[in-house]
Amino acid sequence: LCIYDARPFLNAYANKLKGAGYENINNYPDIDMELIFCGMSNIHAVRTSFQKIMNNVSYSTNDETTLFLNITNSGWYEAIIILLKSSFQIYNSIREKSNVLIHCSDGWDRTSQLCSTSQILLDKYYRTLDGFICLIEKDWLSFGHQFRYRSGFYSPIDSPPNVSNENQFSPIFIQWLDSIYQLMSQNYTKFQFNFELILFLAEETFTGKY
């Protein structure tokens, strides 16, 4: 059994001090178990890196070298590298006949990213148009990803239940779409759809139509 915890180890350990935590594999002596911390950023770090990207691309008067340096320093693509690397680890674990458990703090942000990306790697059905739609319905909508809050469609007095009034905006879904874009760029013929679908989904996430 391979347990993939999406969080960095230090974050998981901090949660343990609050009464939550992570699996203690010593509690399962009869199971060949491995615990892997993926080290993925939380929603607040993703929001910060996204804002840095937007500020540099939308309003920058810097030269090209400075622009790309600022984009690199935003941490956006470092997070995508971690997402893709972790998804390939999950892919390899399953190909090697291991059972896999993927989780995070809540299960509707980083968990959805890991589950859906690894399935795209594992099963060519999810690289078809129908399969990709099914994947979003299954691993994002049914998993409970909070599209409304993560897209910023709420007021400070309308925050999620049991959550403080801190900003819940975080483009987790957009980050996932970017990771799929990166996969498509390297394996374009493996997908039944093209970049226009990725762009369409990214734009419609913020239109408020649906």
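Keep in mind it's a predicted model, so treat the numbers as computed, not measured.

With that settled, the discussion passes to the side chain of E204. Within the fold, E204 resides in helix 9 (residues 195-204). Reaching out from E204, the side chain makes a polar contact with the side chain of T207 at a distance of 3.1 Å. Those residues within four positions of E204 in sequence are excluded, and the remaining contacts are K209 and Y210.

All right, on to unusual backbone geometry then. Although it is not a glycine, K97 sits at a positive phi angle of roughly 70°. Tracing the backbone shows K97 in the loop between helix 4 (76-95) and strand 3 (100-103). K97 gets classed as exposed once you look at its relative accessible area, which sits at 75%.

What follows is about the sheet that holds strand 3. The strands that make up a sheet are held in pairs by hydrogen bonds between backbone atoms, and each pair lies either parallel or antiparallel. With parallel pairing, three strands are arranged side by side in an open sheet as 2-1-3. Unpaired on one side and paired on the other, strand 2 (34-37) and strand 3 mark the two borders of the sheet. The mean inter-strand angle of the sheet, taken between neighbouring strand axes irrespective of direction, is 15°.

In the structure shown here, the tally under the stated rule is 18 aromatic pairs. Considering the side-chain rings of F191 and F193, the 5.6 Å spacing of their centres and the 70° angle between planes classify their relative orientation as edge-to-face. Across the pair, F193 and F191 agree in class, each one buried. An aromatic cluster is present here, built from F132, W140, F147, F173, W176, F191 and F193 joined pairwise through their rings.

Let's shift gears to empty space enclosed by the protein. On inspection of all chains with the given rule, the structure shows two cavities of 30 Å³ or more. Approximately 50 Å³ is the volume found for the largest cavity. Taken together, H145, F147, R150, S151, S170, P171, I172, F173, I174, T205 and F206 make up the lining of the largest cavity. Breaking the lining of the largest cavity down by element, the ones donating at least two residues are helix 7 (147-150) and helix 8 (172-186). Element by element, the count of residues in the lining of the largest cavity is highest for helix 8, at three residues. Here the residues of the lining of the largest cavity are counted per class, giving six nonpolar, four polar and one charged.

A few words on the packing of helix 5 (residues 110-122) against helix 8. Each packed pair of helices is defined by two parameters, the angle between the axes and the distance between the axes. The contact between helix 5 and helix 8 brings their axes to 11 Å, and the two run at 20°. As far as their axial angle goes, helix 8 and helix 5 are roughly parallel. Where helix 5 crosses over helix 8, the two elements pack in a sense that is right-handed. Residues Q113, S116, T117, I120 and L121 of helix 5 form the contact with helix 8, whose own contacting residues are I172, Q175, W176, S179, I180 and L183.

The next subject is helix 8. Look at helix 8: 22 Å from first C-alpha to last across 15 residues, which is about the 21 Å you get at 1.5 Å a residue. Burial of helix 8 is extensive: eleven of the 15 residues sit out of reach of the surface. Buried residues of helix 8: I172, F173, I174, Q175, W176, L177, D178, S179, I180, L183 and M184, and no others.

Criteria and thresholds
Residues numbered from 1 in each chain as written. Predicted model: local features only at pLDDT ≥ 70, side-chain atom pairs only at ≥ 80, totals over all residues. Heavy atoms only, no water. Helix = DSSP H or I, 4+ residues; strand = E, 2+ residues; numbered from the N terminus. Polar contact = N/O pair within 3.5 Å; in protein donor to acceptor, adjacent residues only side chain to side chain. Contact = heavy atoms within 4.5 Å. Buried < 20%, exposed > 50% of the residue type's maximum accessible area, 1.4 Å probe, protein only. Pairing = 2+ DSSP bridges. Axes fitted to C-alpha atoms, helices over the stretch in contact; angles between N-to-C directions. Phe/Tyr/Trp six-rings, centres within 6.5 Å; stacked < 30°, edge-to-face > 60°. 1 Å grid on protein atoms, 1.4 Å probe; cavity = no way out; pocket = protein on both sides within 12 Å on 5 of 7 lines; lining within 4 Å. Points joined across faces, edges and corners; volume = space filled by probe spheres on them. Nonpolar A, V, L, I, M, F, W, Y, C, P; charged D, E, K, R; others polar. Parallel < 35°, antiparallel > 145°, perpendicular 65-115°, else oblique. Left-handed = near helix turned anticlockwise from the far one by under 90°. Expected span 1.5 Å × (residues − 1).

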